[in-house]
Amino acid sequence: MGINCNLTAANIPIIMNLKISSFEEYKQVYQQSVEQPEEFWNGIAENFQWRKKWEKTLEWNFKEPKIEWFKGAKLNITENCLDRHLDTLGNKTAIIWEPNDPNEDHRILTYKQLHDKVCQFANVLKNNNAQKGDRICIYMPMVPELAIAVLACARIGAIHSVVFGGFSAQSIADRIQDASCKLVITADGGFRGAKNIPLKSIIDDALVQCPTVDKVIVLTRTRTPVAMIKGRDVWWEDEVKKVETQGNIPCPAEEMDAEDELFILYTSGSTGKPKGVVHTCAGYMVYTGYTFANVFQYEPGEVFFCTADIGWITGHSYIVYGPLSQGATALMFEGIPTYPNPGRFWDIVEKHRVNILYTAPTAIRSLMSFGTDLLKDKDLSSIKKLGSVGEPINEEAWHWFDENIGHKKCPIVDTWWQTETGGLMISPIANVTKTKPGYATLPLPGVQPVLVDETGKEIEGNGVSGNLCIKFPWPGMIRTTYGDHERCRTAYFATYPGLYFTGDGCLRDDDGYYRITGRVDDVLNVSGHRIGTAEVENAINMHSSVVESAVVGYPHDIKGQGVYAFVVCPEKHINEELTRSDIAMTVARIIGAIAKPDKIQFVTGLPKTRSGKIMRRILRKIAEGETSNLGDTSTLLDPAIVDEIKAGAL
Ligand code: 7RM
């Protein structure tokens, strides 16, 4: 069969199988993808539905940067996720929704039902003046209507910007302003564990600063009392009724150019406010569909449970777009792993006969801490494949997952990727790539990783480590940062000219296997959430008695990393504990509860160089509990401060 192509007569496109079935084949396909990337991606893209095929597969340079995939093609991603399945899979389940409260009924949406609801809500958006190219902010709980809202935006060519339900009013306002959103889709409230999050009320606070928004569509979920402002706020259900009385006219999908923007998703970096990562229609569709089918080796009928929230890239790519473009059944869970008890994931697996479970190391570690008693009477026999994402997985968690959940019979795919990469980059292919605890293993076809030293020189060979870069474009990659292309260039393409820089440190072992060791920039990974230290510092500094602060990460048993803040706060406190809580509350107000410091140490000064730069290296060591080997401190302005900080370490 050669390299997995169906060779046919001239002019008839060559279709590449999405799924690779042996390691031999992986090696061949990988090689082809490097030697003939355009031919390779042409073959992959043939598996999707196009209104018009592309004229040019790839045009690029990493200098500006300029990235264009499948130029000239016309498509709509929702036709690939919905319409094209109707004949064959119309009555098959697209989404299984499991509510926060196990006593509430779960919901099933077939492809036909999902298609109809997306069309209906797309008409609601149009009735509310939404048009192709408009930016729409979505701030919703994990209910099927969130997926429907996302797809309805894509259907009419509006650019969605989903904001995770844990972010504060200020963070939402920043994001809405940055993209000049004109419409917001939210809910009265959301259930998460024992909590009831007042989403609409938070939106109301945000909108005080957002003159571009003239409509808010509010879904009923918790039926918490909410303010409804005349002329601005409308109920989701009322708007749907209007469309029904108009006779439920179909909503043909907007024809999109390959490089039209599909969505914006904000993510933290080492400087300033979060960046709006922009993904475009064709490349993102091809990349998420391909990686989903291949890495998870998805088979028709399998139930795929990705435990992420749609507010993060993992949910965008592997609850919504990837699985649906492949006609898969995706399970969407509203709640949290520990509610009403830490056996909840396993109850869900048993109840819905989950075949593929894709989750985060932090969730595994948290559930591990409750012991294996909880697993005794759970039937996990449906599970065939396991996946991990979001942060490095420690060996202990890997083995626990392997032994107790996979019963040593299921491959674990440790998938390394980023918001900016759109989809999986370095990962085993289930049942194809031999796995190794803690290793994301090998690059997927089309992905060309390189390790570089501080000066940008490529480090060749095996048994080496360095900074992880990618040297050739892939269809799912970031196109720009919204409204500021220069920021995209400086953040990702300027550190090492000619390369995309990931911000991650990485080791390549003697087998050529990759192990991602963590961020080398000032970005923390707390429970799989990316948080910029500069962002947290800015928030802390907004507290009225704080003069200055420095934030670093420290190893945390469950979260992976915890947030450690060194705070200069010269006033004498009546109650230090209270001031700590006030600072944490300030961070929750400015960013969101996910960024609250775990530890706050009051200090009289920070270790700085003569030029005024904070020496984070020293603070990181102290936060890690290292007190002896702090390295060279001779360049410090005031070396004595280090002893004080060491003595007061928490
Ligand atoms: C998908 C996602 C990206 C950052 C990335 C890494 C870290 C993600 C892994 C990982 C080790 C992994 N997007 N990361 N996956 N580290 N092994 N399998 O998480 O934009 O939110 O974060 O997460 O540092 O740069 S993200």
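These remarks concern the structure in this document. As the structure is a computational prediction, the values presented were derived from the model and not from experiment.

1. Let's talk about the overall build of the protein chain
For the protein chain, the count of helices and strands is 19 helices and 30 strands. The globule rule puts the C-alpha radius of gyration for 650 residues at 26 Å, and the 25 Å found for the protein chain is close to it. Along the first, second and third principal axes, the C-alpha atoms of the protein chain reach 75 × 65 × 55 Å. Looking at the protein chain as a whole, 60% of its 650 residues are labelled buried. Long-range pairs, those at least 24 residues apart, make up 70% of the contacts in the protein chain between residues at least 6 apart in sequence.

2. Quick notes on empty space enclosed by the protein
Here the structure, examined in full by the defined rule, presents three cavities of 30 Å³ or more. As a volume, the largest cavity reaches approximately 90 Å³. As for the largest cavity, its lining consists of 13 residues, of which Met 140, Pro 141, Gly 165, Arg 192 and Ile 197 are closest to the centre. The biggest single contributor to the lining of the largest cavity is strand β9 (residues 190–192), with three residues. The residue inventory of the lining of the largest cavity, partitioned by class, reads seven nonpolar, three polar and three charged. In this model, the second largest cavity occupies a volume close to 50 Å³. Val 162, Val 163, Phe 164, Phe 167, Arg 175, Leu 265, Tyr 266, Gly 311 and Trp 312 together form the lining of the second largest cavity. Class assignment of the residues belonging to the lining of the second largest cavity gives a composition of seven nonpolar, one polar and one charged.

3. Concerning the pairing of strand β27 (residues 529–532)
Burial along β27 is two-sided: His 529 and Ile 531 facing one way and Arg 530 and Gly 532 facing the other are all buried. In terms of strand pairing, strand β26 (residues 523–526) meets β27 through four bridges, oriented antiparallel. Bridge pairing in β27 links Asn 525 to Arg 530. Where β26 folds back on β27, the antiparallel hairpin that results is connected by two residues, among which Ser 527 adopts a positive phi of roughly 50°.

4. Focus on the site of the ligand
The ligand sits among 17 residues. The nearest are Asp 414, Thr 419, Asp 504, Arg 519 and Arg 530. The backbone of Glu 391 places a nitrogen or oxygen atom 3.4 Å from a nitrogen atom of the ligand. At a separation of 2.9 Å, an oxygen atom of the ligand approaches a polar side-chain atom of Gln 418. Protein coverage of the free-state accessible area of the ligand, which is 530 Å², stands at 96%. Breaking the shell around the ligand down by element, the ones donating at least two residues are α11 (313–325), β20 (412–415) and β25 (514–519). Residues that form the shell around the ligand fall into these classes: six nonpolar, six polar and five charged.

5. With respect to helix α2 (residues 37–45)
Residues of α2 that are buried: Pro 37, Phe 40, Trp 41, Gly 43, Ile 44 and Ala 45. Packed against the buried residues of α2 are α1 (23–35), β1 (56–61), β2 (66–71) and α10 (281–295).

6. A word on the packing of helix α13 (residues 361–368) against helix α14 (residues 395–405)
Where α13 meets α14, the axes come as close as 10 Å, and the angle between the chain directions of the two elements is 75°. One finds that α13 runs roughly perpendicular with respect to α14. Contact residues: α13 offers Ile 364, Arg 365, Leu 367 and Met 368, while α14 offers Glu 396, Ala 397, Trp 400 and Phe 401.

7. Thoughts on the pairing of strand β21 (residues 449–452)
Alternating positions in β21 separate into two faces, Pro 449 and Leu 451 on one and Val 450 and Val 452 on the other, with burial throughout. The sheet contact formed by β21 and strand β22 (residues 464–470) spans four bridges and is antiparallel. Bridging from a neighbouring strand, Pro 449 pairs with Ile 470 of β22.

8. Section: the layout of surface pockets
Gaps left between atoms are located by rolling a probe of water-molecule size over the structure's atoms. One number sums up the size of the second largest pocket: a volume of about 380 Å³. Every residue lining the second largest pocket is counted, 20 residues in all, and those nearest its centre are Tyr 298, Pro 300, Gln 326, Gly 327 and Ala 328. Classifying every residue of the lining of the second largest pocket by side-chain character gives seven nonpolar, nine polar and four charged.

9. Focus on the nonpolar core
Trp 50, Phe 70, Leu 125, Ile 185 and Tyr 321 are the most contacted members of the largest nonpolar core, which totals 174 residues. Other than its neighbours up to four places away in sequence, Trp 50 contacts Ala 45, Phe 70, Ala 73, Lys 74, Leu 75, Ala 282, Met 285 and Val 286.

10. Let's talk about the packing of aromatic side chains
Going through the model one piece at a time under the given rule, you end up with 40 aromatic pairs. Ring centres 5.1 Å apart and planes at 65° place the aromatic pair Trp 60 and Phe 472 in the edge-to-face group. Residue Trp 60 is located in strand β1, and its partner Phe 472 is located in the loop between β22 and β23 (480–481); the two are separated by 412 residues in the primary sequence. A residue is classified by how much of its surface remains accessible, and Trp 60, at 34% relative accessible area, is partly exposed. Aromatic pair Phe 292 and Tyr 298: ring centres 5.3 Å apart, planes at 35°, arrangement tilted. An aromatic cluster is defined as three or more aromatic residues linked by ring pairs; in this entry it consists of Phe 40, Trp 41, Trp 50, Trp 54, Trp 69, Phe 70, Tyr 287 and Tyr 290.

11. Regarding the sheet that holds strand β5 (residues 107–110)
The seven strands are arranged β5-β4-β17-β16-β18-β19-β20 in an open sheet whose pairing can be described as mixed. Pairing within the sheet leaves two strands with one partner each, and these edge strands are β5 and β20. For this sheet, the mean inter-axis angle between neighbouring strands, taken without regard to orientation, is 20°. The sheet contact formed by strand β16 (residues 303–306) and strand β17 (residues 329–333) spans three bridges and is parallel. Looking at β17, one finds that Phe 304 is bridged to Ala 330. The strands touched by α11 within the sheet are β4 (93–98), β16, β17, β18 (356–359) and β19 (385–389), with β16 carrying the most contacts at an inclination of about 165°.

Cut-offs and rules
Residues numbered from 1 in each chain as written. Predicted model: local features only at pLDDT ≥ 70, side-chain atom pairs only at ≥ 80, totals over all residues. Heavy atoms only, no water. Helix = DSSP H or I, 4+ residues; strand = E, 2+ residues; numbered from the N terminus. Rg over C-alpha atoms; globule rule 2.2 N^0.38 Å. Buried < 20%, exposed > 50% of the residue type's maximum accessible area, 1.4 Å probe, protein only. Contact = heavy atoms within 4.5 Å. 1 Å grid on protein atoms, 1.4 Å probe; cavity = no way out; pocket = protein on both sides within 12 Å on 5 of 7 lines; lining within 4 Å. Points joined across faces, edges and corners; volume = space filled by probe spheres on them. Nonpolar A, V, L, I, M, F, W, Y, C, P; charged D, E, K, R; others polar. Pairing = 2+ DSSP bridges. Near = heavy atom within 4 Å. Polar contact = N/O pair within 3.5 Å; in protein donor to acceptor, adjacent residues only side chain to side chain. Areas by Shrake-Rupley, 256 points an atom, 1.4 Å probe, with all protein chains shown as cover. Axes fitted to C-alpha atoms, helices over the stretch in contact; angles between N-to-C directions. Parallel < 35°, antiparallel > 145°, perpendicular 65-115°, else oblique. Core = buried A, V, L, I, M, F, W, Y, C linked by side-chain atoms within 4.5 Å. Phe/Tyr/Trp six-rings, centres within 6.5 Å; stacked < 30°, edge-to-face > 60°.

Everything listed here is a matter of coordinates, which is why it stays silent on function.
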